[in-house]
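Here is what each chain is made of, one letter per residue.
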Amino acid sequence: MPNKSAARRNKAKNNNKRQGTVENVKSTIVTVKRVEIAEKKPVASNITLAGLCAVCWQEALYYCTKCKAVGYCCMSHMATHSSQHDALCNVLTMKLVQNAGWLYGCNISTPDEWRYTRIKTMEYVTTQLKRNLDHYERDLLLFPKHCTSCYETRHDRLVTCKKCYQVWYCRDNADHLAKNHSYWCAKLQLFATLVRRQAAGMLYMFDMNFGRPKNDHLELNTNDTIEKAVTTVLYDSADIDECKIAMISQGASGPLTILYGIRISKFTVKKNMIIHLIGAELHYEGSTLQAWETFFMHFIPEIVHLKIIMIGPELNATVIHDRPRLCDGCRSRNKSLSFEYKDGLLYHEYVNSKFFTKPDLVCAFNPGLHRCTGFNQDDTWPQTIRAAVSSTCPFIFTAYTAYEAPLDLKRVQESCAHVHIIQPPIQNPFASLKPDRNFISDHEAPLIYKNYYMSIVTGAM
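Everything quoted here is computed from the prediction, not taken from an experiment. Numbering of residues starts from 1 in every chain and runs along the sequence as written. Since the coordinates come from a predicted model, pLDDT governs what is reported: local features require at least 70, and pairs of side-chain atoms require 80 or more to be given and counted, while whole-chain, interface and lining totals use all residues. Neither water nor hydrogens contribute to the side-chain values; these are computed over all heavy atoms in the structure.

Draft legend 1. Region of interest: unusual backbone geometry. The backbone of Asn-334 sits at a positive phi, close to 60 degrees, despite the residue not being glycine. Summarising the element assignment, Asn-334 is placed in the loop between α9 (328-332) and β8 (336-343). Comment: elements are numbered from the N terminus, with helices defined as DSSP H or I runs of at least four residues and strands as E runs of at least two.

Structure follows, in structure tokens:
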């Protein structure tokens, strides 16, 4: 039974990684001097958009004749995609037969029921396939073609928006088109364009090719926006389109959000500054290193030595190859930018370890503090929150939506007896402009943005 033995070995290896003492966790330190930026490779998108062809991303004019779930622009592309789609198709077709033509059910009346039904459908398909679903399959099941008002899913009864191809309403009831769709339609179009470009290798997942800034001392006011900050830094904004700005803003949003928090909280900036990033992840914090010089140090000339310490159980720092370089101006002033990675650790574990370095500021980007399940489905947020405010320095945390932000703040207050609120939840003008799909509260907003809301607290002195 070699497969089962391998599985047991892998499970034991993972358990040992979590159960080992934090003193054995390797600390990775990177000091940025004059190292060339490693060339980034394009990352193709594997997102599925129900209104577009699964092969070429053009308008879907036909749907799979069996499961009715996957769209194609032509019959040729349907045949091309069949080998990838067949296993999923068989399961969905069987469910359609069992439910008299309904994949998700016919008595859905509330947003919560609609979310629950999609999750249960995904779980059913996973069980039937006896494997984990890939991104294409999960997207297909979580974001299917449906009326946004009554949750009708039968294609012949739906009308598609011919601009964004991601919103539908009942053919017999035009009032089922969401009243705020005109606001979201352009943003959904941008989302689709980004998906197409990533699929074609035309955009990097985090395009940090900023070029060198116009100068190494830039001004930013609290009433500015992230778009202004991005175009201020770039040499020639005339060559930058909406997609490029959105991609760059994804990486710039983190440093700019902290910069904004420093400004509105009137935090005293130090010559030598240490920032902790809680729950750092490879695909976000670990992929945007250059942004800390470009969008942080250049806006705060008082900082001479900046150290960013990233802490996260899934950081996987060994594969971080980004090596930012300081500009001529920063080097001439003997400035430094360094990064440390505390991989495999929860934040409260790090605070109690021999590796701990006292921060001047702590930040968590979109952590979802209000959720009762975190890493490994354990609720460790109370310990992490208490550790974050124990240093009595500002703790900045962000949220995707206006719904989540006050819940996160409430969780902080519940976890700590003495917390001073510096800034209650506020919409962040330096939130990312790159949209992502919203599942948790899609009845309110179909898209979400990183760092859309922010809050600032500190522990009692």
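Draft legend 2. Main features of the environment of Trp-168. You can see Trp-168 is positioned in strand β5 (residues 168-170). Burial status follows relative accessibility: with a 1.4 Å probe on protein chains alone, a residue under 20% of its type maximum counts as buried, one over 50% as exposed, and anything between as partly exposed. Classification of Trp-168 by relative accessible area gives buried; the value is 3%. With 11 residues separating them along the chain, Trp-168 and Arg-157 place their C-alpha atoms 9.7 Å apart. We call two residues in contact when some of their heavy atoms are within 4.5 Å. Excluding residues that lie within four positions of it along the chain, Trp-168 makes contacts with Ala-50, Gly-51, Pro-144, Lys-145, His-146, Cys-147, Thr-148, Leu-158, Val-159 and Thr-160.

Draft legend 3. Seen up close, the packing of aromatic side chains. Between 30 and 60 degrees the pair is tilted, below 30 it is stacked and above 60 it is edge-to-face, where a pair is any two Phe, Tyr or Trp rings, Trp via its six-membered ring, whose centres lie within 6.5 Å. Counting across every chain of the model gives 12 aromatic pairs. Summarising the aromatic geometry, the rings of Tyr-104 and Trp-114 are spaced 5.3 Å apart at their centres and angled 65 degrees between planes, so their arrangement reads as edge-to-face. Of this pair, Tyr-104 sits in the loop between α2 (75-98) and α3 (111-129) while Trp-114 sits in helix α3, and the two are 10 residues apart along the sequence. A residue is classified by how much of its surface remains accessible, and Trp-114, at 2% relative accessible area, is buried. With a centroid separation of 5.0 Å and 85 degrees between ring planes, the pair formed by Tyr-183 and Trp-184 is classed as edge-to-face. The structure contains a cluster of three or more aromatic residues connected by ring pairs, namely Tyr-104, Trp-114 and Tyr-151. Any Lys NZ or Arg CZ found within 6 Å of a ring centre and within 35 degrees of that ring's normal is scored as a charge over the ring. One cation-aromatic arrangement involves Arg-437 over Phe-143; the distance from NZ or CZ to the ring centre is 4.3 Å.

Draft legend 4. Main features of the pattern of salt bridges. We define a salt bridge as a contact between a side-chain nitrogen of Lys or Arg and a carboxyl oxygen of Asp or Glu at a distance within 4 Å. Within this structure, the stated rule accounts for 17 salt bridges. Of the charged contacts in the structure, one is a salt bridge between Asp-442 and Arg-118, with a shortest N-O distance of 3.0 Å. With Asp-442 in the loop between β12 (436-437) and β13 (447-448) and Arg-118 in helix α3, this residue pair connects regions lying 324 residues apart in the sequence. You can call Arg-118 buried: its relative accessible area is 1%. As a salt-bridge pair, Arg-197 and Asp-241 come within 2.9 Å of each other at their nearest N and O atoms. Highlighted residues: Arg-197 in helix α5 (residues 181-199) and Asp-241 in the loop between α6 (226-233) and α7 (242-265), separated in sequence by 44 residues. Looking at Arg-197, the relative accessible area reads 23%, which means it is partly exposed.

Draft legend 5. Main features of empty space enclosed by the protein. Each cavity reported here is a set of points on a 1 Å grid over the protein atoms alone in which a 1.4 Å probe fits but cannot get out, each pocket an open set with protein on both sides within 12 Å along at least five of seven lines, and each lining residue one with an atom within 4 Å of a point. Grid points are joined across faces, edges and corners, and a volume is the space filled by probe spheres set on the points. Following the criterion strictly, the structure yields two cavities of 30 Å³ or more and no others. Its volume calculated, the largest cavity comes out at about 40 Å³. Gly-251, Gly-254, Pro-255, Leu-277, Tyr-284, Glu-285, Thr-288, Trp-292 and Phe-365 are the residues that line the largest cavity. The greatest single-element share of the lining of the largest cavity, amounting to three residues, is contributed by α7. When residue character is reported, Ala, Val, Leu, Ile, Met, Phe, Trp, Tyr, Cys and Pro are called nonpolar, Asp, Glu, Lys and Arg charged, and the others, Gly included, polar. Split into classes, the residues belonging to the lining of the largest cavity amount to five nonpolar, three polar and one charged.

Draft legend 6. Quick peek at the packing of α2 against helix α4 (residues 135-142). Only the contacting stretch of a helix is used when fitting its axis, a line to C-alpha atoms as for every element, and angles between N-to-C directions run 0 to 180 degrees. It is at 12 Å that the axes of α2 and α4 come closest, and there the two elements cross at 45 degrees. As summarised for this structure, α2 and α4 are arranged oblique, according to the angle between their axes. Note that α2 runs across α4; the crossing there is right-handed. Each of His-81, Gln-84, His-85, Leu-88 and Leu-92 in α2 lies in contact with α4, whose residues at this interface are Tyr-136, Glu-137, Leu-140 and Leu-141. Class assignment for the residues of the contact of α2 with α4 results in five nonpolar, three polar and one charged. Just so you know how the angles are binned, under 35 degrees is roughly parallel, over 145 roughly antiparallel, 65 to 115 roughly perpendicular, and the rest oblique. Should the near helix be turned anticlockwise from the far one by less than a right angle, the crossing is left-handed, and should it be turned clockwise, the crossing is right-handed.

Draft legend 7. Representation of α5. The span you would expect from a helix comes to 1.5 Å times its residue count less one. In a regular helix each residue adds 1.5 Å, so 19 residues correspond to 27 Å; α5 covers 26 Å between its end C-alpha atoms and thus fits that length. If you follow the buried residues of α5, they end up packed against α7, β12 and β13. Following α5 by one or two positions, Gly-201 adopts a phi angle in the positive range, close to 75 degrees.

Draft legend 8. Quick look at the side chain of Thr-48. Relative to the assigned elements, Thr-48 resides in the loop between β1 (27-32) and β2 (62-63). Apart from residues lying up to four places away in sequence, Thr-48 is in contact with Trp-57, Tyr-136, Asp-139, Leu-140 and Arg-437.

Draft legend 9. Representation of the pairing of strand β6 (residues 272-278) in the model. Most of β6 is tucked away, with six of its seven residues classed as buried. For two strands to be treated as a pair, DSSP must find at least two bridges joining them. Pairing between β6 and strand β7 (residues 305-312): seven bridges, direction parallel. Bridge pairing in β7 places Ile-274 opposite Lys-307. For the crossover from β6 across helix α8 (residues 291-297) to β7, the handedness is right-handed. Note: β6 against strand β9 (residues 361-364), three bridges, orientation parallel. Within the sheet, the bridge partner assigned to Leu-277 lies in β9 and is Cys-363. The handedness of a crossover follows from its direction of travel: if, with the strands pointing away from the viewer, the path from the first strand over the helix to the second runs clockwise, the crossover is right-handed.

Draft legend 10. Here's a closer look at the nonpolar core. By size, the foremost hydrophobic cluster in this structure holds 46 residues, and its most contacted members are Ile-258, Ile-275, Trp-292, Phe-296 and Leu-306. Going through the elements one at a time, α6, α7, β6, α8, β7, β8, β9 and β14 (453-459) are the ones with two or more residues in this core. Broken down by element, the residue count for this core peaks at seven residues, all from α7. In contact with Leu-306, not counting residues within four places along its chain, are Met-273, Ile-275, Trp-292, Phe-296, Met-297, Ser-336, Leu-337 and Ser-338. Put simply, buried Ala, Val, Leu, Ile, Met, Phe, Trp, Tyr and Cys residues joined by side-chain atoms within 4.5 Å make one nonpolar core.

Draft legend 11. The state of the cysteines, seen in detail. Our working definition of a disulfide is a cysteine sulfur pair at a distance within 2.5 Å. Per the stated rule, a full pass over the model turns up zero disulfides. A disulfide-free cysteine, Cys-185 has its sulfur positioned 3.8 Å from the sulfur of Cys-161, the nearest such atom.

Nothing here speaks to function; it is all geometry.
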